[in-house]
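Here is what each chain is made of, one letter per residue.
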Amino acid sequence: MTRDNPHVTSHKSNVYQLLENTEVVKMLVLGISGGPNLVHENYDRSIALCHDSAIVLVEDGEVIFAIEEERLNRIKHTNKFPSESLRLCLKSKGIQLEEVDLIAYYCSKKTFEMGLKLHSLGNDSALPIIDPIIFVQNVFCRGLNSEIDPDKLCFVHHHHAHAMSALALSGYESTLVTTFDGEGENISGMVFEGEGTILKHITDIPESKSLGQFYDNVIGFLGYTLFDEYKVMGLAPYGDPEKYRNLFQTLYTLFPNGDYVIHSDKIISLFDLGMPRRKGEPFTQTHKDIAASLQEALENIAFHVIQYYQQETKQKNLCMAGGVAHNCTLNGKILRSGMFENVFVQPAAHDAGCALGAALYAYYNANPMAKKSSQLEHVYWGTDIGSSSSVLNQLTQWQDFIAFEKLDNVPEQTAKLLASGYVVGWVQGRSEFGPRALGNRSILGDPRPEENKTRINKMIKKREGYRPFAPSVLEEDVDEFFEVPHNQKQLPFMIFVVNVREDKRQMLGAVTHVDGTARIQTVSQKTNKKYWDLINSFKQLTGIPILLNTSFNNNVEPIVDSVEDAVVCFLTTGLDYTVVGDYLIRKKDVSWWNYMSLKLFLPLHISLHQVKKFDSQEKFDKYFYIKNSYNQEFQREVSAEVFDVLTLANSEKTIENLLNKYRETEEGKAKDIIHDLMELWSQRLIVLRP
């Protein structure tokens, strides 16, 4: 590369030879996070390098497309190779893979090679591949049937990818940069000074001091596991951190110079408080107090590190990335602390954001003279729902189940529904990159009635009732309702928790958490005019420039991406209405018989299995079940009749055709099968479509 940088490794190529001078060269750079398995291939724990697979395309330093693979393969936090994302990315730009100048993977070549070598030990099923370049070429060939030029492939250290994703998009010329996560390349975090697009390394935070792993280890006592951290963050305000403060202070020690140690061996002392909660059991006050104490401990350690390096570097700005940077409560306290004049948290701070950071790192490493981007304003980089006629064509396919009409004034008419108490799905434009729905793939409601919180949690999101919802507020009106620093009134990414003004808390019952806070999103007319117009129309009707905003999905699936995703979620939840583009959708009254007209498909990651087992009378009996390719422990039992029907999936026949033999002999059996299929559909274990 043009800079002597050990954190970007690649071969020399014609691309780099062009860059030996200091000119800025126009470039397309593809950033990738993702594992080596394709969607139908079984999860191999020994070579699982990641979670939250994603693709990002950067053109001359500007992001032009970005999407997480989960939005397309419909597997939450998928670690599969992002082949569908890559196809969609190339299609969106109208290019072939060979037209991309660089392909940046979010892991150092050395670490990748070590992982492959460890995988090869004891694996005699095939000749092992231990060269990362050959391995990645092989994955591209299997996933896209495409060859890649090895000279275009480069590897970026995990935490440098995290850090660059924040630095390059912050708009700050000089800043402190921190990354905290569970673990990446045997490191749980790094601290840098950022100057322009250059990261100046200060220190590593070893895996033994991982804040992410500390948090995950403790939430196991609350019946939660990896990817449930945000649930515990929402539970914490119901507890009192003072109750177990002394106990939690024995789990870590703060040292001078921003150093600390986590006493992982002492976490077992939580058993002194009682037996751990099991999934599905009710929460006691003890559980809530543990959550509060854990949140306080995390904040104490993070503040200790950040304060020290702020004092050492005298930096007035802070950039943050890494999974721990999704702790919005921590972020809000840093924002309000006055420690920094400006704070920027990269909104896709988790591993999907490493695809973004890897692409930007590779671009600026190849183009050191390139101008830095201005501060990030939006993340609407994903799939576009298409033209009005395209939306109409897709909705028409579902006309046996939904009624729809084109609205003359979408914001105004939708605002009337919301002001009347209805809960509405809202699908517009390009989907958001990252874990938050920011007004293009959202479920919306009136932020005032507190009962909306309970209703949406129970009937639509199908999740724990204690979890809060976020407000989307017109940026012009944010000061009237929320306490935000005077110089940071644009908070568009729903990644900071701030205080709701005390005199507005009762009014905003559906979006004010139990501790008087809210995780806000400010909405700009410049970056999302249609969403701004909707909230403004609601303001004209109610005097409140705010909507309740949560992601458009249920509890078993990622955020919807396509029109079909939105229709399916609408039909399988308690949503009142959905607006897609210019069209308002209502549910029709249908019977079980209407579902006979649908076709049945199995997702690529679902497989069917049957085994013979001894029953209680020591006779053989057959058991039928569904498994998936990403969770070795998952198994869903089905009846013999449903299994029989599932074996006929993907045939392009309607369910009515598949159930012919049952209809002829026993119509009641056909009805039971339909109900079972609808339950599997609501759990996203099968696909039903016209």
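Structure first, text after, so check above.
Each chain has its residues counted from 1, running along the sequence as written. At least 70 in pLDDT is required for a residue's local features to be given in this predicted model, at least 80 for side-chain atom pairs to be given and counted, and no such filter applies to totals for whole chains, interfaces and linings, which use all residues. As a convention, hydrogens and water are excluded, and side-chain values are obtained from all of the structure's heavy atoms.

Classification of ring pairs rests on two measures: the distance between centres of Phe, Tyr or Trp rings, Trp counted by its six-membered ring, which must be within 6.5 Å, and the angle between planes, read as stacked under 30 degrees, edge-to-face over 60 and tilted in between. Within this structure, the stated rule accounts for 20 aromatic pairs. A ring pair is formed by Tyr105 and Tyr106, whose centres lie 5.6 Å apart and whose planes are at 70 degrees; its orientation type is edge-to-face. There is no split in this pair, since Tyr105 and Tyr106 are both buried. Ring geometry for Phe401 versus Tyr595: centroids 5.1 Å apart, planes at 50 degrees, classification tilted. Within this pair, whereas Phe401 is found in the loop between helix 13 (388-396) and strand 14 (402-406), its partner Tyr595 is found in the loop between strand 23 (583-587) and strand 24 (599-601), the two being separated by 194 residues in sequence. Relative accessibility thresholds used throughout: buried, under 20% of the residue-type maximum; exposed, over 50%; partly exposed, between the two (1.4 Å probe, protein chains only). Per the convention used, a helix needs a DSSP run of H or I reaching at least four residues, while a strand needs a run of E reaching at least two, with both numbered from the N terminus.

Attention shifts here to the sheet that holds strand 8 (residues 187-195). At least two bridges found by DSSP between two strands are what make those strands a pair. Within the open sheet, the five strands sit side by side as 9-8-7-12-13. Their pairing is mixed. Across the chains shown, the open sheet's two edge strands, defined by having one partner strand only, are strand 9 (198-206) and strand 13 (342-345). Averaged over all pairs of adjacent strands, the angle between strand axes in this sheet comes to 20 degrees, irrespective of strand direction. For strand 7 (residues 174-184) and strand 8, the ladder comprises eight bridges, and the chain directions are antiparallel. When the sheet's bridge partners are listed, Val177 is paired in strand 8 with Phe192. Fitted lines through C-alpha atoms give the axes, limited to the stretch in contact for helices. The angle between two N-to-C directions lies from 0 to 180 degrees.

A word on the side chain of Thr578. Of note, Thr578 is situated in strand 22 (residues 577-580). Looking at Thr578, the relative accessible area reads 1%, which means it is buried. Whether two residues are in contact is decided by their heavy atoms, any of which lying within 4.5 Å being enough. Apart from the residues lying within four places of it in its own chain, the contact partners of Thr578 are Val424, Gly425, Phe552, Phe570, Tyr583, Leu584 and Ile585.

Structurally, Asp565 can be placed in helix 18 (residues 563-571). Exposure remark for Asp565: the relative accessible area of 14% places this residue in the buried category. On a C-alpha basis, the gap between Asp565 and Glu502 in space is 39 Å, while along the polypeptide they are 63 residues apart. Leaving out residues up to four positions away in the same chain, Asp565 has contacts with Arg71, Arg74 and Val560.

The tendency in soluble globular proteins is for nonpolar side chains to be buried side by side. Counting 223 residues, the largest nonpolar core has Leu30, Phe433 and Phe482 as the members making the most contacts within it. For Phe433, the contacting residues outside a window of four places in its chain are Ala54, Val56, Ala66, Ile67, Glu68, Ala348, Ala352, Gly353, Leu356, Val379 and Trp381. As used in this record, nonpolar core signifies buried Ala, Val, Leu, Ile, Met, Phe, Trp, Tyr and Cys residues forming a set joined through side-chain atoms within 4.5 Å.

Let's shift gears to the pairing of strand 21 (residues 546-551). A regular strand places its side chains so that they alternate between the two faces of the sheet. Of all six residues making up strand 21, six are buried, and the element is well covered by its neighbours. Relative to strand 21, strand 16 (residues 441-445) runs antiparallel, the two being bridged by four bridges. Counterpart to Ser442 in the pairing with strand 21 is Ser551.

Here we come to helix 15 (residues 451-461). Turn by turn, an α-helix covers 3.6 residues, leaving residues three or four places apart pointing in a common direction. Those residues of helix 15 that sit buried are Asn452, Lys453, Ile456, Asn457, Ile460 and Lys461. Angular distribution of buried residues about the axis of helix 15 spans 130 degrees; they occupy a single face of the element. Across helix 15 from its buried face, at more than 90 degrees, point the exposed residues Glu451, Thr454 and Lys458. Starting at the helix axis, one direction is taken to each C-beta atom, and the arc is that of these directions.

A few words on the pairing of strand 15 (residues 424-427). By the alternation rule, side chains of strand 15 split into Val424 and Trp426 and Gly425 and Val427, which are all buried. Where strand 15 lies against strand 16, four bridges are found, and the strand directions are antiparallel. Note that in strand 16 the partner of Val427 across the bridge is Arg441. When strand 15 meets strand 22, the two strands line up parallel, connected through four bridges. Bridging from a neighbouring strand, Gly425 pairs with Thr578 of strand 22.

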